[in-house]
Amino acid sequence: MQNAPSLRALKLMHLMIATAGGRMAEDVRHEIRLSDIRRIEGMNHHDKDSLRTPLEELKAAVLTYDEPEKMRYTIGGLVDHAVVDYRQEAKGDVLVWWYFGRMFREMAEKSNHWTILDRQTVFHLGSKYSVLLFQHVASLTGLEHVQSKTFTVAELRGVLGVPEGKLVRFADLNRRALQSAIEEINQLSRLMLTATPKKIGRTVTSVTIAWKTNTDPAEMKRELNRPKIGRKMRRDNSTETIAPAFPAAGGITYAQSWQKIKRDAGCNKDDQLIASDFRRFCASKQIALDARNIETVFASYCRKVGKV
């Protein structure tokens, strides 16, 4: 997947696929209500306006489907087009409907990967790196006698959806993307992953990712039922304070902590406007609204835009 979407867009993608179910390979209209989207972890603050960004990201994502036995690969998209119908918004009813792209429908028709993927795990994962790695490895687990795959560093960056110019050093890629994703997948899914780098001299040239399936899902189910912050603390083995996520929708008029950051930065921009602008800024920089340093990023942004 090129132009890999954000975490929220990936969760929306999997909700759309789950909603389509056995009809995802058909050229038909699929629909879902905003109330259903809000039930997904991390998506509960969405409204008609904030849905625009993840839908745009899904439209921009490029899928490549390789068929070595036919000596060909196909390039296409996930979504043909999507519509957010908010005519009944005053009654609390916003409808999202879409058509899947032709290439994705052909993929879905040839493979049951998207049907059997454990979406409950996807909905609980906390980073796009985790989601992308999980869905890629999950597509390989059904192959007979295959329990590992070796990636060049460039291929691994592609699997994880790391943008060009980000996490350039392998040490940063490994620490901030790969290992954090593996730890989360091992905690929340049936899969147990390990990563083994291979060096030529002092340079890492490839990474072998191996997996096995945990046949006892009891611990996984316990983890999925724990609060998100509790799961993160268990992975970090710490009791550090987790920064609150920036609101995914609306302004910050009633969010006192974000109001204080804005005031302390000397910014008097409208609360609704700065919230919308900051979300767009984060999306353009692929910064998660629940990133650990999101308060620092917001303070810096407020100082930059200053007074109006």
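Predicted model, so just to flag it, every value in this text is computed and none were measured. Residues take numbers from 1 onward in each chain, read along the sequence in its written order. Where local features are concerned, this predicted model is filtered to residues with pLDDT of at least 70; where side-chain atom pairs are given and counted, the filter is 80 or more; whole-chain, interface and lining totals use all residues. Only heavy atoms go into the side-chain values, all of them from the structure, while hydrogens and water stay out.

### Considering the packing of helix H7 (residues 128–138) against helix H9 (residues 170–188)
A pair of packed helices is characterised by two quantities: the angle between their axes and the separation of those axes.
Turning to step 1, where the next piece is worked out: The contact between H7 and H9 brings their axes to 8 Å, and the two run at 70°. If you check the angle between H7 and H9, you find them roughly perpendicular. You can see that H7 and H9 cross each other, and the crossing is right-handed. Only Arg176, Ala177, Leu178, Ser180, Ala181, Ile182, Glu184 and Ile185 of H9 make contact with H7, whose side of the interface consists of Tyr129, Ser130, Leu133 and Phe134.
Turning to step 2, where the next piece is worked out: Each residue belonging to the contact of H7 with H9 can be placed in one class, and the counts come to eight nonpolar, two polar and two charged. Note on geometry: axes are C-alpha line fits, over the in-contact stretch for helices, and angles between N-to-C directions span 0 to 180 degrees. Put simply, DSSP marks the helices as runs of H or I at least four residues long and the strands as runs of E at least two long, and each gets a number from the N terminus on. Should an angle fall under 35 degrees it is taken as roughly parallel, and over 145 as roughly antiparallel, whereas 65 to 115 is taken as roughly perpendicular and any remaining angle as oblique. By definition, any crossing whose near helix is turned counterclockwise from its far helix by less than a right angle is left-handed, and any crossing with a clockwise turn is right-handed. We call two residues in contact when some of their heavy atoms are within 4.5 Å. Charged residues are taken to be Asp, Glu, Lys and Arg, nonpolar residues to be Ala, Val, Leu, Ile, Met, Phe, Trp, Tyr, Cys and Pro, and polar residues to be all remaining types, Gly included.

### Some points on the sheet that holds strand S7 (residues 191–200)
Turning to step 1, where the next piece is worked out: Two strands are counted as paired when DSSP detects at least two bridges linking them. Pairing is antiparallel in the open sheet, where three strands are placed in the order S6-S8-S7. The open sheet is flanked by strand S6 (148–152) and S7, the only strands paired with a single partner. Between one strand axis and the next, the sheet turns through 20° on average, direction left out of account.
Turning to step 2, where the next piece is worked out: With respect to the sheet, H7 is in contact with S6, S7 and strand S8 (203–213), its orientation differing from that of S7 by roughly 95°.

### So, the pattern of salt bridges
Turning to step 1, where the next piece is worked out: Basic side-chain nitrogens of Lys or Arg form a salt bridge, by our definition, when they fall within 4 Å of a carboxyl oxygen of Asp or Glu. Throughout the structure, instances matching the rule amount to 17 salt bridges.
Turning to step 2, where the next piece is worked out: For Glu67, the salt bridge goes to Lys110, with nearest N and O atoms at 3.3 Å. Of this pair, Glu67 sits in strand S2 (residues 62–67) while Lys110 sits in helix H4 (residues 102–110); the two residues are 43 residues apart in sequence, bridging distant segments of the chain.
Turning to step 3, where the next piece is worked out: Remark: exposure states derive from per-residue accessible area (1.4 Å probe, protein chains only) relative to the maximum for the residue type, with buried under 20%, exposed over 50%, and partly exposed in between. The buried category is assigned to Glu67, whose relative accessible area is 3%.
Turning to step 4, where the next piece is worked out: One salt bridge in this structure joins Lys260 and Asp264, with 2.8 Å as the shortest N-O distance.

### Concerning the side chain of Asp85
Turning to step 1, where the next piece is worked out: By secondary structure assignment, the location of Asp85 is in strand S4 (residues 79–88).
Turning to step 2, where the next piece is worked out: Given a relative accessible area of 17%, Asp85 falls into the buried group.
Turning to step 3, where the next piece is worked out: Counting of polar contacts relies on pairs of N or O atoms within 3.5 Å, with two restrictions inside protein: one atom must be capable of donating a hydrogen and the other of accepting it, and residues adjacent in sequence are counted only when both atoms are side-chain atoms. A polar contact is formed between the side chain of Asp85 and the side chain of Arg87, at a distance of 2.6 Å.
Turning to step 4, where the next piece is worked out: If we skip the residues at most four places from it in the chain, Asp85 touches Asp93, Val94 and Leu95.

### A few points about the sheet that holds strand S1 (residues 30–33)
Turning to step 1, where the next piece is worked out: Here we have three strands laid out as an open sheet, ordered S1-S5-S4, and antiparallel in their pairing. The sheet terminates laterally at S1 and S4, the two strands that pair on one side only. Across the sheet, the mean angle separating the axes of adjacent strands is 20° when strand polarity is ignored.
Turning to step 2, where the next piece is worked out: In this structure, S1 lies alongside strand S5 (residues 93–100), joined through four bridges in antiparallel fashion. Bridge pairing in S5 links Glu31 to Trp97.

### Remarks on H7
Turning to step 1, where the next piece is worked out: In terms of residue burial, H7 counts as a mostly covered element, since 10 of its 11 residues are buried.
Turning to step 2, where the next piece is worked out: Of all the positions in H7, only Lys128, Tyr129, Ser130, Val131, Leu132, Leu133, Phe134, Gln135, Val137 and Ala138 are classed as buried.

### A word on the packing of aromatic side chains
Turning to step 1, where the next piece is worked out: Working definition: rings of Phe, Tyr and Trp (its six-membered ring) pair if their centres are within 6.5 Å, and the pair is stacked with planes under 30 degrees apart, edge-to-face with planes over 60 apart, and tilted otherwise. Following the criterion strictly, the structure yields 11 aromatic pairs and no others.
Turning to step 2, where the next piece is worked out: Here Phe246 and Phe298 contribute two aromatic rings whose centre-to-centre distance is 5.0 Å and whose plane-to-plane angle is 50°, an arrangement assigned as tilted. Placement of Phe246 in the loop between helix H11 (228–236) and helix H12 (256–264) and of Phe298 in helix H14 (residues 294–305) is noted, with a sequence separation of 52 residues between them.
Turning to step 3, where the next piece is worked out: Three or more aromatic residues joined by ring pairs make a cluster, and in this case those are Phe246, Trp258, Phe278, Phe281, Phe298 and Tyr301.
Turning to step 4, where the next piece is worked out: Throughout this description, the term charge over a ring refers to an Arg CZ or Lys NZ atom that lies within 6 Å of the ring centre and within 35 degrees of the ring normal. When the ring centre of Tyr86 is taken as reference, the NZ or CZ atom of Lys48 above it lies at 4.6 Å.

### Remarks on H12
Turning to step 1, where the next piece is worked out: Of all the residues in H12, the buried ones are Trp258, Gln259, Ile261 and Lys262. In a view along the axis of H12, the buried residues occupy a sector of 160°, so they form one face of it. Set apart from the buried face of H12 by more than 90 degrees, the exposed residues are Gln256, Arg263 and Asp264.
Turning to step 2, where the next piece is worked out: Structurally, H12 contributes buried residues whose contacts are with helix H13 (271–285) and H14.
Turning to step 3, where the next piece is worked out: Gly266, located one to two residues past H12, shows a positive phi value of around 75°. In this description, one arc is meant: the one made by directions from the helix axis to the C-beta atoms.

### So, the confidence of the model for the chain
Turning to step 1, where the next piece is worked out: Each residue carries a pLDDT score, the predictor's confidence in it, ranging from 0 to 100. Confidence in the prediction of the chain, expressed as mean pLDDT, is 85, and 89% of residues score 70 or more.
Turning to step 2, where the next piece is worked out: Long-range and interchain partners of residues 238–242, a stretch whose pLDDT sits below 50, account for seven contacts in this model, where long-range means more than four residues apart.

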